[in-house]
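Secondary and tertiary structure notes
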Amino acid sequence: MKIRKLENHASIFLTKTKMTKGCPDCTKSLKQFARLFGVHWETMQRGDKITVPLMFLDGTETTITFYVVSGSGGRKDCRFNIPATILKAQATVGDTITFTYAVKNDQAMLCVNVTRQPELNYLLPNQAANVLRSARVNYLLQVTA
């Protein structure tokens, strides 16, 4: 399957906290990408949830849920959740996942583990690829130290 690189997509480096927390903060790029699937953060209130179909390259189908929680000082924190058992089967701490889209029935987000599938690194934007490579190296240095 050929996957096209999008200008508007998101990549996330998975830290131990992101894998165990279960409800990590949305990055700016994931928030922007989620808008393509009808997630309008500016109108969401605390407790609002939007669930979007999510697929992995191996055919695993699940969902990704976007929601808003109250942060300190009254700010709105945007979070996402992929069921833990599925995410842990698809990725481990130190992996980088990127979100793009797939068309199945209507449409779905497609999550690609570019660490396990380096031939798909072209999905990463050039600047993000350099930052993520650097983050991986720093993370590995911390783990082995």
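See the structure shown above.
Here is a short report on the structure shown in this document. It should be emphasised that the depicted structure is a prediction, and the values quoted were computed from it without experimental measurement.

Time to look at the packing of aromatic side chains. A ring pair, where both rings are aromatic, is described by two values, the distance of the centres and the angle of the planes. Counted under the stated rule, the structure contains two aromatic pairs. Their ring planes at 90 degrees and their centres at 5.9 Å tell us that W41 and F66 sit as a pair that is edge-to-face. With W41 in the loop between α2 (28-35) and β2 (49-56) and F66 in strand β3 (residues 61-70), the pair connects residues that are 25 residues apart, well separated along the chain. For F66, a relative accessible area of 0% translates into the label buried. Taking NZ or CZ as reference, K49 lies 5.7 Å from the ring centre of Y67, over its face.

Let's shift gears to the nonpolar core. By size, the foremost hydrophobic cluster in this structure holds 28 residues, and its most contacted members are W41, I64, F66, F99 and M109. Not counting chain neighbours up to four residues away, the residues in contact with I64 comprise I50, T51, V52, L54, F80, N81, I82, F99 and M109. In terms of nonpolar packing, the next biggest core, distinct from the first, is built from five residues, L110, V112, V114 and L120 among them.

By the definition in use, this model includes three salt bridges. R79 is the partner of D25 in a salt bridge, and the nearest nitrogen-oxygen pair spans 2.5 Å. Of this pair, D25 sits in the loop between α1 (16-21) and α2 while R79 sits in strand β4 (residues 76-81), and the two are 54 residues apart along the sequence. Between E42 and R35 there is a salt bridge, with its nearest N and O atoms 2.6 Å apart.

Time to look at the side chain of T98. Position of T98 among the secondary structure elements: in strand β5 (residues 96-102). Polar contacts involving the side chain of T98 include one to the main-chain carbonyl oxygen of A10, which spans 2.9 Å. Within the local environment of T98, its side chain forms a polar contact with the side chain of S11, the two groups lying 2.8 Å apart.

What counts, and where the lines are drawn
Here the residue numbers are simple positions, counted from 1 along each chain's written sequence. Under the rules for a predicted model, residues below a pLDDT of 70 receive no local features and side-chain atom pairs below 80 are neither given nor counted, while totals for whole chains, interfaces and linings still include all residues. The basis for the side-chain values is all heavy atoms of the structure; hydrogens and waters are excluded. Aromatic pairing here means that ring centres of Phe, Tyr or Trp (its six-membered ring) are within 6.5 Å. Orientation follows from the plane angle: under 30 degrees is stacked, over 60 is edge-to-face, and everything else is tilted. For helices the rule is a DSSP run of H or I covering at least 4 residues; for strands it is a run of E covering at least 2, with both sets numbered from the N terminus onward. Relative accessibility thresholds used throughout: buried, under 20% of the residue-type maximum; exposed, over 50%; partly exposed, between the two (1.4 Å probe, protein chains only). Charges are assigned to positions over rings by a cutoff of 6 Å between ring centre and Lys NZ or Arg CZ, combined with an angular limit of 35 degrees from the ring normal. Nonpolar cores were defined as sets of buried Ala, Val, Leu, Ile, Met, Phe, Trp, Tyr and Cys residues, with membership established by side-chain atoms within 4.5 Å. Contacts: residue pairs with any heavy atoms within 4.5 Å of one another. Here, a salt bridge means any Lys or Arg side-chain nitrogen found within 4 Å of an Asp or Glu carboxyl oxygen. In the analysis that follows, any N or O atom pair within 3.5 Å is treated as a polar contact, provided that within protein one partner can donate a hydrogen and the other can accept it, and provided that, for residues neighboring in sequence, both atoms belong to side chains.

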